[in-house]
2 protein chains.
Amino acid sequence: MATQDGFYLENDNGTLHRGLKCAGVITPPQTVTDKQSTFDVIVVGAGYAGLTACRDLCIAGFKVLLLEARDRIGGRTYTVDVGGHLYEMGGTWVHWNQPHVYREMSRYRMTTLSTSHTESSAGHNYHSTMFQGKAGKMEPETAHNMTEKAFRMLCDVDGRLGRRVMPYPHDPHYSSEAKQWETLSVAQRLEQIKADLTNDEVSLLMSSLSSICGASMDKAGFFDVLRWWALGGYTMDGVYETGDQFKFAAGQSSFARCFFDEAMRTNNLTYAFNTTITSVQDQKNRVVVNGNWSAKRVICTVPLNVLHKVRFEPTLSPNKMAVANINQGAKFHLEVAGPALRSWSGAAWPVNRLCHGSGDGLTPEDNTHLVLFGSNKDFSAPELDGRDFVDDCKDLHDMDVKKTIWHNWSKDPFAEGAWCMFAPDSSFKHLEALQQRAGNVLFANSDWAVGWRGFIDGAIERGALAAYDVSFDLSPQKIESKI
Amino acid sequence: MATQDGFYLENDNGTLHRGLKCAGVITPPQTVTDKQSTFDVIVVGAGYAGLTACRDLCIAGFKVLLLEARDRIGGRTYTVDVGGHLYEMGGTWVHWNQPHVYREMSRYRMTTLSTSHTESSAGHNYHSTMFQGKAGKMEPETAHNMTEKAFRMLCDVDGRLGRRVMPYPHDPHYSSEAKQWETLSVAQRLEQIKADLTNDEVSLLMSSLSSICGASMDKAGFFDVLRWWALGGYTMDGVYETGDQFKFAAGQSSFARCFFDEAMRTNNLTYAFNTTITSVQDQKNRVVVNGNWSAKRVICTVPLNVLHKVRFEPTLSPNKMAVANINQGAKFHLEVAGPALRSWSGAAWPVNRLCHGSGDGLTPEDNTHLVLFGSNKDFSAPELDGRDFVDDCKDLHDMDVKKTIWHNWSKDPFAEGAWCMFAPDSSFKHLEALQQRAGNVLFANSDWAVGWRGFIDGAIERGALAAYDVSFDLSPQKIESKI
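In this text, all values refer to a predicted model and were calculated from it rather than measured experimentally.

The rules behind each value
- Residues numbered from 1 in each chain as written.
- Chains lettered and ligands numbered in written order.
- Predicted model: local features only at pLDDT ≥ 70, side-chain atom pairs only at ≥ 80, totals over all residues.
- Heavy atoms only, no water.
- Helix = DSSP H or I, 4+ residues; strand = E, 2+ residues; numbered from the N terminus.
- Expected span 1.5 Å × (residues − 1).
- Buried < 20%, exposed > 50% of the residue type's maximum accessible area, 1.4 Å probe, protein only.
- Arc of directions from axis to C-beta.
- Pairing = 2+ DSSP bridges.
- Axes fitted to C-alpha atoms, helices over the stretch in contact; angles between N-to-C directions.
- Contact = heavy atoms within 4.5 Å.
- Buried area = accessible area lost by both parts, 1.4 Å probe.
- Salt bridge = Lys/Arg side-chain N within 4 Å of Asp/Glu carboxyl O.
- 1 Å grid on protein atoms, 1.4 Å probe; cavity = no way out; pocket = protein on both sides within 12 Å on 5 of 7 lines; lining within 4 Å.
- Points joined across faces, edges and corners; volume = space filled by probe spheres on them.
- Nonpolar A, V, L, I, M, F, W, Y, C, P; charged D, E, K, R; others polar.
- Core = buried A, V, L, I, M, F, W, Y, C linked by side-chain atoms within 4.5 Å.
- Domains from an automatic or database assignment.

Engineer: Which residues make up helix α11 (residues 385-396) of chain A, and what values do they have?
Structural biologist: For an α-helix, the turn length of 3.6 residues means that residues three or four places apart are oriented alike. Residue and element names in this part refer to chain A. The end-to-end C-alpha distance of α11 is 17 Å, a good match for the 16 Å that 12 residues give at a rise of 1.5 Å each. For α11, the complete set of buried residues consists of D385, G386, F389, V390, D392, C393 and L396. Projected down its long axis, α11 carries its buried residues within an arc of 160 degrees, all on one side.

Engineer: Describe the pairing of strand β22 (residues 401-406) of chain B, with residues and values.
Structural biologist: All names here are of chain B. Of all the 6 residues making up β22, 5 are buried; the element is thus mostly covered by neighbouring parts of the structure. Where strand β2 (residues 7-10) lies against β22, 4 bridges are found, and the strand directions are antiparallel. The partner of F7 across the bridge, within β22, is W406. Pairing between strand β18 (residues 329-336) and β22: 5 bridges, direction antiparallel. The residue bridging F332 from the neighbouring strand is W406, located in β22.

Engineer: Account for the sheet that holds β2 of chain B, with residues named and values stated.
Structural biologist: Residues and elements named next belong to chain B. Pairing is mixed across the open sheet formed by 9 strands, whose spatial order is β3-β2-β22-β18-β21-β20-β19-β10-β11. Unpaired on one side and paired on the other, β3 (15-17) and β11 (134-138) mark the two borders of the sheet. The mean inter-strand angle of the sheet, taken between neighbouring strand axes irrespective of direction, is 20 degrees. Strand direction decides the pairing type here: strand β10 (residues 127-131) and β11, joined by 5 bridges, are antiparallel.

Engineer: For the interface of chain A and chain B, give the residues involved together with the corresponding values.
Structural biologist: If you look at the interface, chain A gives 39 residues, while chain B gives 39 residues. Both sides together, the interface formed by chain A and chain B hides about 3500 Å², and carbon and sulfur atoms give 52% of it. There are 6 salt bridges connecting chain A and chain B. The set of elements that each furnish at least two residues to the side of chain A that touches chain B consists of α1 (48-59), α2 (99-107), β9 (113-115), α9 (252-265), α13 (456-473) and α14 (476-482) of chain A. The element best represented in the side of chain A that touches chain B is α2 of chain A, accounting for 7 residues.

Engineer: Just give me the short version of empty space enclosed by the protein, but keep the residues and values in it.
Structural biologist: All names here are of chain B. Under the defined criterion, the tally for this structure stands at 1 cavity of 30 Å³ or more. In this structure, the largest cavity spans a volume of roughly 30 Å³. Looking at the largest cavity, the residues that line it are Y87, E88, T92, W93, K247, K331, H333, D360, H369 and V371. For the lining of the largest cavity, the secondary-structure elements that each account for two or more residues are β8 (85-88), β18 and β21 (368-375). Looking at side-chain class alone, the lining of the largest cavity contains 3 nonpolar, 3 polar and 4 charged residues.

Engineer: Which residues make up the nonpolar core, and what are the values?
Structural biologist: If you look at the biggest cluster of nonpolar residues, it comprises 50 residues, and the most contacted ones within it are F151, M206, L209, F222 and V225 of chain A. Every element with two or more residues in this core is listed here: α3 (140-155), α4 (178-182), α5 (186-193), α6 (199-213), α7 (222-231), α8 (236-243), β19 (345-349) and β21 (368-375) of chain A. Ranked by the residues each element gives to this core, the list is headed by α7 of chain A, at 8 residues. Counting residues domain by domain, this core receives three or more from each of domain 1 (2-77 + 252-325 + 417-481) and domain 2 (139-245) of chain A. Residues in contact with L209 of chain A, not counting those within four places in the same chain, are F151, L154, V186, G214, M217 and V225 of chain A. Among the nonpolar cores identified, the runner-up in size contains 49 residues, and W93, V202, L226 and F373 of chain B belong to it.

Just distances and angles here, no functional claims.
Structure (structure tokens):
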């Protein structure tokens, strides 16, 4: 089935394709009928948070209506098949140290992974750089070691590699020392250590962090970088191993299908895709969605940056609405002629549109699959991104681009951003508020996870908790005790 | 409530106490009545594998009978309260890199942890040694660095710290290179690297590995040590951080209660404690347990070493029965007078009864809580262990022992061993057979987990999978499609 999400540009002839093949598209797109308007629970959004909540509640015997604005499951993750090769358009990498996602991978027997960025010593095995407008080249190991040194210095906030300031990566606010680091931008933290770094070390670090944060370094909060560092086991290699190396051999959309299919098997799931939510009214004895459907509870999994588009009655706490996901990062897949670039990587700083890229295996035509990250801030329109971006890539390294495949998450009306990163001074002030329920409406999204926030893992964390809380609310014992 | 498991010896007056206070004891001990004999699923065993399976199936709407030989939940984990201080009698430590257990901790909001073995620089801050019968003493950092060097050399089987031989710690058989390492005992692997180690380095390593394996080094399989190494992120510090550092502030038994209580809330759970299983007959259309109860499916979570005590009809595959858990390790808690030993640690090699011990915080009386590991092979009777063991501890360091608290897992008729470790040449031959179902009987125990085998995490891994498979078997869609 084809999704209306995403773009594929044939670079040789300029043809722009939409309607890409995706295992996450559900048919028929709607099972809800006019006769059905009352449910136990309505889950808004079919990303991993929504899918997890929906599945858990269906298993527990609740009648669930799942509403999704897109034509597919997966939210900010989906896989397209172009020419027999799978491209991950959003969230991609998973790891056994991500507890929520790995528990599901194990349970669905979806532990077969393929590895990204690990083929080395083949073809153009070097790291291209475009620092301050000057092209350069270095050994991958040199680039790694320089980046690692700078990354480590950045995150060694306590002489214990961050272990004292953030001893529990899944509870980043735990230490009383944490708060002071939460007020800094990445740029401000860099100022504190810059004197001990060479220009190239700074550029390599900034390129890496731009790709992690998807924001300019003066806007990005240092605390989220420290959080990734702690989650990765307090090493840079750990950050990249957990966040950038292992992906589903069968694709994210196949994994997401496991959740959806299990929910369907219970016969408790009703759904409607292509259905945008505009209003959620908590009328105390029931919650009404879009003035049309009602349920005892609603789990809203709408991402942080688009929560303002839903009219909530009563209105949501200002504390919930006063924070944003600042990540406007871009991700592009290129298929380039021949296998020569499969071990290649490159970095640019300052970031124009491109900040980082590397080989991610070969396509069936024995061409190279490159994955590149950049910033969406300077793009004009989603469908034009591909052309502009390829020009930047060619500045970094000569390449004969055959295909460009991407999704502009910034211009996506149901996301308005990529994986969640906060500005300074956001987490301590707003994270708890984001997690709080409002009466009969619960909120679940990776954007406010405590652990792997911004990751698939965080989405499942939040979805499972919301379902647990709703199950507890509506459990027979609890209801009996009220009678 | 009091459990009949475990011993507490008042060392000053020699009084031996049983009936220790434990939050895992369930009252009433039985809810099944003579009138009820047919269920959807019977789960045998209320350790974490059984609790997980039971809970998942109850939530999914199946009528479940839980049968347990002991008077408590938790299997090879439980917590006793002696004098207002919690002692973990079996499996203790958990970590956010253990996906199955951490998913549950998050969902039950049981993420408040306390740390073991981390207080340093107070009182007797040194490492006592008893190597080849000679008493010695070293700086903790020296002992750490020497052990780390030896541990790393042992596990660096490929010049890549084991990453090539075991790239997926949750799939230890993945690499074709793995098998050759699986035929070695720890002693044989030591021979390969011994020339580059000092005597003290060997003794420190062997003491540590004795405590990990609970078996003599010629019996213990090197592959399981390599597995722990890989699971710990390919560093010794990772092994100890994930396996020996963080425990539940509220105790394991409180965590286990979360599973049990959630199952109870569904009204689908019936149970009987103090009920030993002797027979499981698969009669194709139903499975009969103890000739008394029947169900469509049985999930048997009996540990590997006691599986032979249950009469299965048809008999189980010989391949399932031809392997054992070789871990006959002992764990003792001592309360010793005063806080001076709270930073102390010690090691003995060769192992008589004691191999390793260290401070684990202070008790309410401001005494030191020590946790010590050893071997059960030379003990005569469970109730005498405590006295013998204390003598060995006093050889290692002078101490005024007030309380000795322990459980002899080797002599425990429902365990016959501690956390699962294999002899050489066991994993490739038997692991898959152990995981296989036999008709309508499924088997779930941490002893044959793929990831954190021998850990609580592995128990939950297996329990969740068994429940998933049974749910799938008995799902309405599947049953409908047969009609």
